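The lines below spell out each chain.
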Amino acid sequence: MTAPRASSATPIAARAHGAHHGEHGEHAARTDPGGAAVTLERVTKTYGRVTALDNVSWTFRRGTFTAIMGTSGSGKSTFLHCASGLDRPTSGTVRLGDTELGTLKETDLTRLRRDRVGFVFQGYNLVPSMDVERNITLPLFLGGRKADRRWLTEVVHRVGMAERMDHKPSQLSGGQQQRVAVARALVTRPEIVFADEPTAALDPRTAGHVLRLLREAVDQTGQTVVLVTHDPAAAAWADTAVFLSEGRIVDELAAPTAAAVLTRWETL
Ligand SMILES: Nc1ncnc2c1ncn2[C@@H]1O[C@H](COP(=O)(O)OP(=O)(O)OP(=O)(O)O)[C@@H](O)[C@H]1O
Ligand SMILES: [Mg+2]
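Since the model is a prediction, treat every value here as computed from it, not as a measurement.

1. Considerations on the overall build of the protein
- For the protein, the helix and strand inventory stands at nine helices and 10 strands.
- In the protein, buried positions account for 44% of the 268 residues.
- Nonlocal contacts in the protein, meaning residues at least 24 apart in sequence, comprise 71% of its contacts between residues at least 6 apart.

Written out as structure tokens, the structure is:
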């Protein structure tokens, strides 16, 4: 956690991250840093002859920010889908806190996901017939919860979508749709946020806003964030970078800098 970040390719992001770090350490100490947010044990997922995840075991601790990296097709999205209960592994177990997902009926799994998990899909998955506001507040509506108007307004502003609340997804650019997807995942302040390349369609400045929101979810509210990214500069916002190759975890890097991630990437 104390590794210097001066070598990061994004000095602004790296400085902001560094400034948060002490704060994060103190917060984590107060909120049981050893507690497991999500645990995967020997998780395998096969699609026909393709083994997308191969016997993966990993624990995401509460109040941590993890970046998952790996080449296209290495199993990152499959990992996120299994870890979040969106998809059931072929074998192995997944626990969210103390709840073993494999034992839950579909309706209970759906409710648990709705109440405790935020997910930013790689393909956004916005509802085409709903405007931005309804898309963002959909998880609240489905959970029968009232919007915390202050937080809703803040999230919407922070992702830069305040002027577009009455637009339909088809009227938005790809990056705008992605930002709506990020706001939707954060609006319920879920225990754990899974974000599948949530900055892939964004310019570096807008990406920085989104990454800062994710970082603050960890530092200020003790949420757990799991971010899939191809971008070493984005990974530098995380506490740990995990490298996937052919469905297996092959390496991890604590306090990743963009430069260190790039170096590690070259040996994948
Ligand atoms: N629903 C599916 N049916 C069949 N094969 C699948 C399915 N989903 C994923 N796969 C296969 O599993 C492997 C891992 O896919 P996954 O989407 O997890 O990769 P990824 O690391 O997220 O890639 P990318 O960076 O391109 O998003 C790939 O070989 C893919 O073709
Ligand atoms: Mg993917």
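2. Observations regarding the site of ligand 1
- Neighbouring ligand 1 are the residues Tyr47, Val50, Ala52, Gly70, Ser72, Gly73, Ser74, Gly75, Lys76, Ser77, Thr78 and Gln122.
- Elements with a contribution of two residues or more to the shell around ligand 1: strand S2 (50–61) and helix H2 (76–83).
- Residues that form the shell around ligand 1 fall into these classes: three nonpolar, eight polar and one charged.

3. As for the pairing of strand S6 (residues 117–120)
- Both faces of S6 are covered, namely the face carrying Val117 and Phe119 and the face carrying Gly118 and Val120.
- Direction of pairing for S6 relative to strand S7 (residues 192–196): parallel, over a ladder of four bridges. From the neighbouring strand, valine 117 faces S7, where its bridge partner is isoleucine 192.

4. Focus on the nonpolar core
- Of all hydrophobic cores here, the largest spans 69 residues; its most connected members are Ala183, Leu214 and Leu227.
- If sequence neighbours within four positions are ignored, leucine 214 has contacts with Phe65, Val193, Ala195, Val225 and Leu227.

5. A short note on the packing of helix H6 (residues 174–186) against helix H7 (residues 204–221)
- The geometry of H6 relative to H7 is characterised by a closest axis approach of 12 Å and an angle of 10° between their N-to-C directions. One way to sum up the angle between H6 and H7 is to call them roughly parallel. Between H6 and H7, the contacting residues are Gly175, Arg179, Val182 and Leu186 on the first element and Thr206, Val210, Leu213 and Ala217 on the second.
- Partitioned by chemical class, the residues of the contact of H6 with H7 number five nonpolar, two polar and one charged.

6. Description of unusual backbone geometry
- Its identity is not glycine, yet glutamate 197 carries a phi of approximately 50°, on the positive side.
- Take glutamate 197: it is sitting in the loop between S7 and H7.
- Judged by the 21 C-beta atoms lying within 10 Å of it, glutamate 197 falls in the buried class.
- In this structure, glutamate 246 is a non-glycine residue whose phi angle is positive, near 50°.
- As for its position among the elements, glutamate 246 is in the loop between strand S9 (240–245) and strand S10 (248–254).

7. Some thoughts on helix H4 (residues 132–142)
- Restricting attention to buried positions, one finds in H4 the residues Val132, Asn135, Ile136, Thr137 and Pro139.
- Here the buried face of H4 lies against helix H3 (106–116), helix H5 (149–158) and H6.
- The first or second residue beyond H4 is glycine 144, which carries a positive phi of 65°.

8. Some thoughts on the sheet that holds strand S3 (residues 65–69)
- As summarised here, the arrangement of the six strands in space is S6-S7-S8-S3-S9-S10, forming an open sheet in which the pairing is mixed. A strand with exactly one partner marks an edge of an open sheet, and here the two such strands are S6 and S10. Sheet twist, expressed as the average angle between the axes of neighbouring strands with direction ignored, equals 15°.
- Contacts from H6 reach S6 and S7, with the element oriented near 175° to S6.

9. Focus: the pairing of S7
- Summarising burial for S7: five of the five residues are buried, a large majority.
- The alternating pattern of S7 places Ile192, Phe194 and Asp196 and Val193 and Ala195 on opposite faces, both of which are buried.
- The pairing of S7 with strand S8 (residues 224–228) spans five bridges and is classified as parallel. Within S8, the residue paired with aspartate 196 across the bridge is valine 228.
- Traced from S7 through H7 to S8, the parallel crossover comes out right-handed.

Quick notes on the rules
Residue numbers restart at each chain and count upward from 1, following the sequence in its written direction. Starting at A for chains and at 1 for ligands, labels are handed out in the order in which the entities are written. Totals for whole chains, interfaces and linings use every residue, but because this is a predicted model, local features are given only for residues with pLDDT of at least 70 and side-chain atom pairs only at 80 or more, for both listing and counting. The way it works is that DSSP assigns letters per residue, a run of H or I at least four long becomes a helix, a run of E at least two long becomes a strand, and they are numbered from the N terminus. Here the C-beta atoms are placed from the backbone, and a residue counts as buried if at least 20 other C-beta atoms lie within 10 Å of its own, exposed if 12 or fewer do, and partly exposed otherwise. Residues are defined as contacting one another if the C-beta atoms placed from their backbone atoms lie within 7 Å. To decide nearness, the C-beta atom of each residue is placed from the backbone, and the residue is near a molecule or strand if that atom lies within 6 Å of it. Three classes are used: nonpolar for Ala, Val, Leu, Ile, Met, Phe, Trp, Tyr, Cys and Pro, charged for Asp, Glu, Lys and Arg, and polar for all others, with Gly counted as polar. Paired strands, as defined in this entry, are two strands with at least two bridges between them according to DSSP. A set of buried residues qualifies as a nonpolar core if it consists of Ala, Val, Leu, Ile, Met, Phe, Trp, Tyr and Cys joined through C-beta atoms within 7 Å. Angles here are taken between N-to-C directions and fall from 0 to 180 degrees, while the axes themselves are lines fitted to C-alpha atoms, restricted in helices to the stretch in contact. Working definition: roughly parallel below 35 degrees, roughly antiparallel above 145 degrees, roughly perpendicular at 65 to 115 degrees, and oblique for all remaining angles. Place the viewer so that the strands point away; then a crossover is right-handed whenever the path from the first strand over the helix to the second strand goes clockwise.

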